[in-house]
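# What the coordinates show
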Amino acid sequence: MIFRLVRYIFMKLSPEVAHRQTLLVLKAIRGLPFAGKLVKLIFGYKSKTLKTTVFGLEFDNPVGLAAGLDPNAELCDELSWFGFSFLDVGAITPLPEEGNPKPRIFPLIQDKALVNRIGLRNKGVSAAIENLKKSRGKAIISANIAHNLKSKTLEAIKEDYYRTFSMLYDFVDILTVNISFDSDVQKTSELAESILDMLLDLRICYDTYKPILIKVSPDMPREDLDKLLKYCMLSGVDGVVAGNATQSRDSLQTSKERINKIGKGFLSGAPLFRKNLALVRHIVEYTRDRLPVIACGGIMSPEQAQEMLDAGAALVEMLTGIIYEGPGLVKKTLKHLEKVKPSMDNQNS
Ligand SMILES: Cc1cc2nc3c(=O)[nH]c(=O)nc-3n(C[C@H](O)[C@H](O)[C@H](O)COP(=O)(O)O)c2cc1C
C-alpha cells in the first residue's frame, strides 16, 4: 500500500527520477549490515520445486529481471535479494552512451504502461566488468550486448559486438544479443545472423561454454522472425528472449492527445502482454519447442507469468510490472507458480 502510494507520486513526477531514487536507495543500503538478509526475508522466496534447468544452467526459479534497469551491472547483488533467479544487465556497449535527451520515459498510468525512448545509456563495457568483478550475488547474469550508435557500417557494428562479447565472456553466465532496430544497415534478421555467426565462431575459442541468446521484437515481420528462428535452430544459438517493447500504440486507454504529445518511443507494460504471449506461442510452435524461450513483455501478475510458462516459455522476465506492482511481484509470482506447479507438470507430461 505504502509502496503504491510512493510509486504513484514518483511516477507522476518523473519515472526516471523514481528509477534513479530506487537505485540510489539500493546503493545506499548495500553496505549496511543485515540489509541483504532483511530484504531477502521480506521479498525473497525459496522453493526446491521451482528450480529449473535451462541452457544447461540451474536456475533457482523461472523468474528474472529484463534488461534496462541495471545498464552498468552495478546492482547484481542487491537485485538478486528480491528473488530474481537471473538478471539481464545492460544493454552494454563497447564505449559509453548517454542515451537520448530527457524526458525520455513517460508513464501511461491508466494503461499500466511506459513509453521510453531512453536509447542506449551505459558507462561502457569496461565499467560493467569492474562492477561484475565485485559482484557476489547468486543470480545468473545475462549480459545484454549492443553496438555503439556511432557504428553505422556492418563491419563497425560487428566489431562492437565482437569486443563487448569477448570482454564480457568470462564475467557473465549468458550473452544476449540485442539488435538495434533503428539500424538501417541490413534487414534485422540478416544483421542478427551475421553477428551471431561471428559470435558462435568466437565461442569455440573458449574453454567454457556460455549460452548465446537473441532478443527479438514483437514488431519484427513474421517472415523475418521465422527465418531467424530457422537460423538459430541450425546454427547452435541457445535460445530466444521473446520479446521486447513495441512501437505500436494499439488498444490504449490513454488519450490520443497525450500519446501524440509523447511522440516516438517503445511501449512496455500491460498492453504488450497479449501480443508477446502470441509471439511466445508462435516461437514454441514453429521451433517445436527445440529453442528455449525466455518470455518477456507485459507480465504484470503471477497469472500472466504462468500463462507464458503454459505457452511453452522456459523462463519469464519482467521490468514494467516491477515498476508498477513493486518488487513484491517476484515473491507473489513464485508462490503462485509453486502452487500451480503440480498441475503444470501434469500438463507437460
Ligand atoms: C526504461 C527501459 C529501458 C530498457 N532498456 C533495454 C535495454 O537496454 N536492452 C533491452 O534489450 N531491452 C530494454 N528494455 C526492454 C525491456 O527489457 C523489456 O523487453 C520490455 O520493457 C518489455 O517488458 P516489460 O513489459 O516487462 O517491461 C528497456 C525497457 C525500459 C522500460
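This section reports on the structure supplied with the text. (Residues numbered from 1 in each chain as written. Predicted model: local features only at pLDDT ≥ 70, side-chain atom pairs only at ≥ 80, totals over all residues. Heavy atoms only, no water.)

### Here we look at the pairing of strand S6 (residues 105–108)
Where we set the bar: For each residue, the accessible area found with a 1.4 Å probe, counting protein chains only, is set against the maximum for its type, and the residue is called buried under 20%, exposed over 50%, and partly exposed in between. Every helix listed is a DSSP run of H or I at least four residues long, and every strand listed is a run of E at least two residues long, numbered separately from the N terminus. Two strands qualify as a pair provided that DSSP identifies no fewer than 2 bridges between them.
Burial of S6 is two-sided: the residues Ile105 and Pro107 facing one way and the residues Phe106 and Leu108 facing the other way are all buried. With four bridges connecting them, S6 and strand S7 (residues 113–116) associate as antiparallel partners. From the neighbouring strand, Leu108 faces S7, where its bridge partner is Ala113. With antiparallel pairing between neighbouring strands as the criterion, S6 and S7 make up a hairpin whose turn holds four residues, including Lys112 at a positive phi of roughly 50°.

### Side note on the packing of aromatic side chains
Just so we agree on the cut-off: Planes of paired rings set the category: under 30 degrees apart is stacked, over 60 is edge-to-face and the rest tilted, where pairs are Phe, Tyr or Trp rings (Trp by its six-membered ring) whose centres lie within 6.5 Å.
Following the criterion strictly, the structure yields five aromatic pairs and no others. Ring geometry for Phe43 against Phe82: centres 5.1 Å apart, planes inclined by 55°, an arrangement best described as tilted. On the criterion of sequence distance, the pair formed by Phe43 in helix H3 (residues 35–43) and Phe82 in the loop between helix H4 (76–80) and strand S4 (86–92) is long-range, its members being 39 residues apart. On the basis of relative accessible area, Phe82 is assigned to the buried category, the value being 10%. Counting every residue linked through ring pairs, the aromatic cluster contains Phe55, Phe59 and Phe86.

### Re the side chain of His282
Formally: Here a residue-residue contact requires only that any non-hydrogen atoms of the pair lie within 4.5 Å.
Inspection of the secondary structure assignment puts His282 in helix H10 (residues 273–286). Not counting residues within four places of it along the chain, the set of residues in contact with His282 comprises Arg222, Leu225 and Asp226.

### Structural notes on the packing of helix H8 (residues 222–235) against H10
Helices that pack against each other are described as a pair by the angle of their axes relative to one another and the distance between those axes. Filter applied, for reference: Axes, fitted as lines to C-alpha atoms, cover a helix only where it is in contact. Angles between the N-to-C directions of the axes lie from 0 to 180 degrees. Roughly parallel here means an angle under 35 degrees, roughly antiparallel means over 145, roughly perpendicular means 65 to 115, and every remaining angle is called oblique. Here is the rule for handedness: rotate from the far helix to the near one, and if that takes an anticlockwise turn smaller than a right angle the crossing is left-handed, while a clockwise turn gives right-handed.
Where H8 contacts H10, the two axes come as close as 11 Å, and the packing angle between them is 45°. The angle between H8 and H10 places the two elements in the oblique class. Between H8 and H10 the crossing geometry is right-handed. Residues Arg222, Leu225, Asp226, Leu229, Lys230 and Met233 of H8 lie in contact with H10, whose contacting residues are Ala278, Leu279, His282, Ile283 and Tyr286.

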